[in-house]
Amino acid sequence: MSDLELSVAAKDTGQTRWLPAEWLWSAMLPIALVVLLLGFAAVDSRVLSPANLLNIAQQTSYLALFAMAQTVVILTRGFDLALGPTVSMVSVGTALAMAGATASGHDTTTVLLAGLGAGFGLGIACGLFNGVVIALLGVNPFVATLGSYNIAIGVATTLSAGRPVQGVPSTFSQIFYGGNIFGVPAAIAITVAIGIVLQLMLARTVFGRSLYIIGTNPRAAAVAGLPVKRILVLTYVLCSALAALGAIMMTARTGSGEPNLGGSLSLQAIAGAVVGGTSLAGGRGGVGTAVLGALFVTILSNGMNLTRIDGYVQMVVLGAIVIIGVLLDRLRLERRQ
């Protein structure tokens, strides 16, 4: 919990410290992570193998980025249902741009810059669209992002003709997937760096603190003089920019632009954020909660895959996890009141 959250809780309850039971709430997820990991390991010993633990870390790095993206908008009482299709659209756009630049005879650096420019450009455009529709036009986030969900799917499918886009250079995959930074796999290192920057932004900048204030009481934030609409637009742009980065990293892993790459990422990212402790009521959450939640969802998915649980059953379990996370959040709120 951030200093701002503690101060808000203090104002609401008249207390300046946590009640003892609050520590139990905070310990629930780490305990659940250990129990989950050991439980799957009892069924299949491969779960705790070094190779699988590294695989879990790498998978978590992708989902953590998406969970952090959802967290920044959930802090303001919103969410982004279009995150998954945005990932697909960015993947296709990135691959097409690099394939086109390669066919035109450009050097490797230009090809990579073309791909990154197209990917982040599409992501930022999607976030700007969501932000304008929600903040300036006053459309409910559910309706707005559900609409952009279908738009992004349509764009990704149309651009790719429904097929994977080839032509991603090996250098791109080597940098964003096969490479390492000081011995740490690229995907993990990038996510850690982004997490640190995002945490500093949320805790130390006016923009970051404004997200908590808006989520806690939007009307009071407006009365206090905060440019709420502008902040909301920037928040959705940030969310989609983080999603674009994750899409670029996943495109490097697959080696092609995939129109179905986003899949169920919207739900998984929301699940990671909510299970980690980010409140759908707004004003509470952060990078740490997003990472822990993403780790929980990844371990759950990995364990179910290794124990050969049917994919459709996995979808049922993931949906149930989201509902349970929301119920636990409501219990926390009721206790504090």
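Residues numbered from 1 in each chain as written. Predicted model: local features only at pLDDT ≥ 70, side-chain atom pairs only at ≥ 80, totals over all residues. Heavy atoms only, no water.

K.L.:
Looking at this model, I keep getting lost on the pattern of salt bridges. Mind explaining?
P.N.:
Any two side chains of opposite charge can pair if their charged atoms end up close together. Within the structure shown, the criterion is met by one salt bridge. Note that R46 is salt-bridged to D44, the shortest N-O span being 2.7 Å. Take R46: its relative accessible area is 42%, and that puts it in the partly exposed class. A relative accessible area of 13% means that D44 is categorised as buried. (Salt bridge = Lys/Arg side-chain N within 4 Å of Asp/Glu carboxyl O. Buried < 20%, exposed > 50% of the residue type's maximum accessible area, 1.4 Å probe, protein only.)

K.L.:
Would you take a moment to explain the confidence of the model for the protein for this structure?
P.N.:
As a note on interpretation, predicted positions should not be read in detail where pLDDT is low. A residue-level look at the protein finds 92% of positions with pLDDT of 70 or above and a mean pLDDT of 88. Overall, residues 1-20 carries pLDDT values under 50, and its contacts beyond four positions in sequence, including any with other chains, amount to 22 contacts. (pLDDT = per-residue confidence, 0-100. Contact = heavy atoms within 4.5 Å.)

K.L.:
For this particular structure, what's the right way to read the environment of L211?
P.N.:
Inspection of the secondary structure assignment puts L211 in helix α9 (residues 206-216). For L211, a relative accessible area of 0% gives the class buried. In sequence terms L211 and I74 are 137 residues apart; their C-alpha atoms lie 9.2 Å from each other. Among residues more than four places away in sequence, those in contact with L211 are V72, L75, T76, L202, I231 and T235. (Helix = DSSP H or I, 4+ residues; strand = E, 2+ residues; numbered from the N terminus.)

K.L.:
Is there a simple way to think about the nonpolar core in this case?
P.N.:
In globular proteins that are soluble, nonpolar side chains generally tend to be buried together. Core analysis: the biggest nonpolar cluster contains 67 residues, and F66, L83, V87, F172, L198, L202 and M249 have the highest contact counts within it. At 16 residues, the largest contribution of residues to this core is made by helix α11 (residues 228-254). Discounting residues that sit within four places of it in the chain, L202 has contacts with L75, G208, R209, L211, Y212, G286 and V287. Listed in part, the 15 residues of the second largest apolar core include L29, L36, V275 and I321. (Core = buried A, V, L, I, M, F, W, Y, C linked by side-chain atoms within 4.5 Å.)

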